[in-house]
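Examining the three-dimensional arrangement
One letter stands for each residue in the lines below.
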Amino acid sequence: MKIFKTFITLLVCFTLNAQTTYTVNTGNYYYTPTSLTIDVGDSVVWINDGGTHDVNGDINSITGQPFNNPVTFDSPTTSTVGSVIFAYKFIVPGTYNYDCSVGAHASAGMVGTVIVNPPST
């Protein structure tokens, strides 16, 4: 029940402050969808379908090199099924690459991309 209340609170906060909120499901070596194209001001919420995962938008877990995202982000590791792993409001346009830095998840294909369109004129 506490997880449900936390999720609802986050959802309401992001809905009030963002144009659109997108959900990415995470599980055994996947992020679904693997790629999103959104607008500046939109939010993304990553939900744990099962397993232990994080959302790492800082250092590529496969290469050890920085992703060089417009803004870096890195969530704590979460193993609670149905919980929000991470929520982020994208306010800087550009391409954001991320992976799961737990074990060999990234090398097994647990990688994703968020493309943030600049504001329309």
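Residues numbered from 1 in each chain as written. Predicted model: local features only at pLDDT ≥ 70, side-chain atom pairs only at ≥ 80, totals over all residues. Heavy atoms only, no water.

Below, the discussion takes up the overall build of the protein chain. The number of helices and strands found in the protein chain is 1 helix and 7 strands. Each helix and strand of the protein chain, ordered N terminal to C terminal, gives the series α-β-β-β-β-β-β-β. Residues classed as buried in the protein chain amount to 38% of the 121 residues present. The contacts of the protein chain with a sequence gap of at least 6 include a subset with a gap of at least 24, amounting to 60%. When the accessible surface of the protein chain is totalled, it reaches about 6300 Å², and 57% of it is carbon and sulfur. (Helix = DSSP H or I, 4+ residues; strand = E, 2+ residues; numbered from the N terminus. Buried < 20%, exposed > 50% of the residue type's maximum accessible area, 1.4 Å probe, protein only. Contact = heavy atoms within 4.5 Å. Areas by Shrake-Rupley, 256 points an atom, 1.4 Å probe, with all protein chains shown as cover.)

This next bit is on the sheet that holds strand 3 (residues 35–39). Adjacent strands of a sheet form backbone hydrogen bonds with each other and so pair up, either parallel or antiparallel. Taken in spatial order, the 3 strands make up an open sheet running 3-7-6, and their pairing is mixed. Two strands bound the open sheet, and with one partner strand each, they are strand 3 and strand 6 (94–99). Across this sheet, the average inter-strand angle for adjacent strands is 20°, counted without regard to direction. Across 5 bridges, strand 3 lies against strand 7 (residues 111–117) in parallel orientation. Looking at the pairing, Ile38 lines up with Val116 of strand 7. (Pairing = 2+ DSSP bridges. Axes fitted to C-alpha atoms, helices over the stretch in contact; angles between N-to-C directions.)

What follows deals with the confidence of the model for the protein chain. Of the residues in the protein chain, 85% have a pLDDT of 70 or more, and the chain-wide mean is 90. For residues 4–18, every residue scores under 50 in pLDDT, and the model assigns this stretch 17 contacts once sequence neighbours within four places are set aside. (pLDDT = per-residue confidence, 0-100.)

Nonpolar side chains tend to gather and get buried jointly when the protein is soluble and globular. Membership of the largest hydrophobic core comes to 20 residues, with the highest contact counts inside it found for Tyr31, Trp46, Val55, Phe73, Phe90, Tyr98 and Val114. Among the secondary structure elements, those contributing two or more residues to this core are strand 3, strand 4 (43–48), strand 5 (84–89), strand 6 and strand 7. When residues in this core are grouped by element, the largest group, 3 residues, is from strand 5. (Core = buried A, V, L, I, M, F, W, Y, C linked by side-chain atoms within 4.5 Å.)

Right, let's get into unusual backbone geometry. Of the consecutive residues Thr32 and Pro33, the connecting peptide bond is found in the cis state with omega at 0°. Looking at where Pro33 falls in the secondary structure, it is placed in the loop between strand 2 (30–32) and strand 3. For Tyr29, which is not glycine, the phi dihedral falls at a positive 70°. Residue position: Tyr29 is located in the loop between strand 1 (21–27) and strand 2. What makes Tyr29 partly exposed here is its relative accessible area of 45%. Of note, Asn68 is a non-glycine position whose phi angle comes to about 60°, a positive value.

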